[in-house]
Amino acid sequence: NRRPKVVILGAGYGGMMTATRLQKANMHREAEIVLVNKHNYHYQTTWLHEPAAGTMHHDRTRMKISDVIDTNKIQFIKDGVQRIDSEHQKVHLDGGELDYDYLVIGLGSEPETFGIPGVSQHAFSIRSVNSVRLIREHIEYMFANYNRQDEKQEDLLTFVVAGAGFTGIEFVGELSERIPELCHEYDIAREKVKIYSVEAAPSALPGFDEELVEYAMNLLESRGVEFKISTPIKEVQEGKVLLENGDEIKSQTIVWTTGVRGNPVVEKSGFDAMRGRVKVEKDMRAPGHDNIFIFGDCALIINEEINRPYPPTAQIAIQQAYTVSNNLKKLIKGEENLEEFKPDIKGTVASLGGKEAIGVIGDRKLYGNSASAMKKIIDNRYLYLLGGMPLVLKKGKLNLF
Ligand code: FAD
């Protein structure tokens, strides 16, 4: 009697949480469980703006998968996923093939460029440890280069962050904290450095509470950030951003944060998708596929109150992993009454660098220090769910205030 094989693609929030939930329930006794990820480490995507700006070392955002998952119970394969062949129940990897009985797709996202020319060639993105390490090194290199030039090149010290959504604002917050340190280190006057936050929509942090947005903008402006709101970008070229209004900003550092789309593997594998995200059934399965679950940034679920998709967040990916792991347990045990996913949005907190943040928890608004402490509690809570107190003590943000 062969044990069914469960293959989990991606060791992000969704994938790691599913694997640990199945491990805790001892499901390896009833099923063969395989986790596939392109790195041998898991990183917390929601922390990446910090190592990108250089306010935190990237090692703090990542952990070896084998330190969290018991690889005697769950097989880990370090490889890249290329394509899923659902007809033959196979996954094509860079280095081979895998078959499955049940598949879980949690491959995260890639930057949304809206087809704007030049973005993928000339802009940085905040998406992985590799990509943020490059941003940090590049920023330092700009500072190191500036004083070496006889004719001072202002574009070396001009930083453009495209998109003033959640990620853009969090990154600008960290960057505005880091710049004074870099100025000090490289003997450069603070006024020489320009940080632009460029947003096409009529407000920063679209959809967020207006009072909190104002607080965030005032704070960031006081740290020298210049906002260009209602300012769509037309094109990115080497060393400059062209705006729809005819202006241009010369900059050697353009960071693209205008939202995400689902991992391209999803569309490449023939799933019906909107911006790379599959509109999943209530039990988190892909329509027409009884043995494939899709979650996190690869899945789309509708907020029925406003009839619009929920924004992709770690919060939702983690909650979906609970539903998916419960449903996998049921399927393995031959039960058919699968659970429906119901999001329970507890709130949103955006960090603004240093000890500053803004957020809404339930119907309470939070500013400054208390919001920043709440953000750290949220980050620690995830580590607790994943690896208990030992992981919080090892990787957590223990200095709350
Ligand atoms: P991810 O956590 O992105 O994991 C995907 C995994 O798949 C990664 O390990 C990746 O290496 C792997 N992978 C990708 N492609 C392949 C491949 N081809 N083969 C093998 N492996 C592959 N959300 C919140 O709820 N709160 C926040 O405060 C918040 N802040 C954010 C701040 C920033 C700077 C960013 C960028 C995002 C933030 N988000 C936040 C959004 C959140 O990070 C994502 O929604 C979340 O990471 C989605 O989880 P996931 O499991 O779908 O994918």
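Within every chain, residues take consecutive numbers counted from 1 along the sequence as written. Given that this is a predicted model, residues contribute local features only at a pLDDT of at least 70 and side-chain atom pairs are listed and counted only at 80 or more, while totals for whole chains, interfaces and linings are drawn from all residues. Only hydrogens and water are set aside when side-chain values are computed; all heavy atoms of the structure are taken into account.

1. Quick notes on the site of the ligand
- Taken together, 32 residues form the shell around the ligand, and within it Gly14, Val81, Asp297, Ala314 and Lys375 come nearest.
- N or O atoms closer than or at 3.5 Å make up a polar contact, with two conditions inside protein: a donor-capable atom paired with an acceptor-capable one, and, for residues adjacent in sequence, both atoms drawn from side chains. The side chain of Asp297 places a nitrogen or oxygen atom 2.8 Å from an oxygen atom of the ligand.
- The backbone of Pro312 places a nitrogen or oxygen atom 3.5 Å from an oxygen atom of the ligand.
- Across the complex, the protein chains shield 90% of the 1,000 Å² of accessible surface that the ligand would expose by itself.
- Of all the secondary structure elements, the ones that give two or more residues to the shell around the ligand are α1 (13-24), α6 (166-185) and α9 (314-332).
- Throughout this entry, Asp, Glu, Lys and Arg are counted as charged residues, while Ala, Val, Leu, Ile, Met, Phe, Trp, Tyr, Cys and Pro are counted as nonpolar. The remaining residues, Gly among them, count as polar. Among the residues forming the shell around the ligand, the class breakdown is eleven nonpolar, 16 polar and five charged. One heavy atom within 4 Å of a molecule or strand makes the whole residue count as near it. Values of accessible area rely on a 1.4 Å probe in the Shrake-Rupley scheme; residue burial ignores everything except the protein chains shown. Strands are runs of DSSP state E lasting at least 2 residues, helices are runs of H or I lasting at least 4, and numbering of each runs from the N terminus.

2. Observations regarding the sheet that holds strand β25 (residues 347-351)
- Read across the sheet, three strands follow the order β25-β26-β27 without closing on themselves; strand pairing throughout is antiparallel. The sheet terminates laterally at β25 and β27 (364-367), the two strands that pair on one side only. Across the sheet, the mean angle separating the axes of adjacent strands is 10° when strand polarity is ignored. Think of it this way: DSSP has to see at least two bridges between two strands before they count as a pair. For every element, the axis is a line fit to its C-alpha atoms; helices are fit only across the contacting stretch, and the angle between N-to-C directions ranges from 0 to 180 degrees.

3. Quick word on the domain arrangement of the chain
- On domain assignment, one finds that the chain holds domain 1 (5-111 + 260-345), domain 2 (119-254) and domain 3 (348-401).
- The straight-line distance from the C-alpha centre of domain 2 to that of domain 3 is 25 Å.
- What makes two residues a contact is simply this: any of their non-hydrogen atoms within 4.5 Å. Residue-level contacts link 16 residues of domain 2 with 17 residues of domain 3.
- What counts as buried area is the accessible surface, traced by a 1.4 Å probe, that two parts surrender upon association, with contributions from both included. Buried area between domain 2 and domain 3, summed over both chains or domains, comes out near 1,300 Å², and the portion from carbon and sulfur atoms is 65%.
- Together, Glu170, Leu212 and Tyr215 form the three largest contributors to the area buried by domain 2 at its contact with domain 3, with a combined 40%.
- Definition used for salt bridges: Asp or Glu carboxyl oxygen within 4 Å of a side-chain nitrogen of Lys or Arg. Run the count over domain 2 and domain 3 and you get three salt bridges.
- Ionic pairing is found between Lys375 and Glu170, a salt bridge with its closest N-O pair at 3.1 Å.
- There are eight residue pairs in polar contact (both at pLDDT 80 or more) connecting domain 2 and domain 3.
- Classifying every residue of the side of domain 2 that touches domain 3 gives nine nonpolar, one polar and six charged. Domain start and stop points were drawn from an automatic or database domain assignment.

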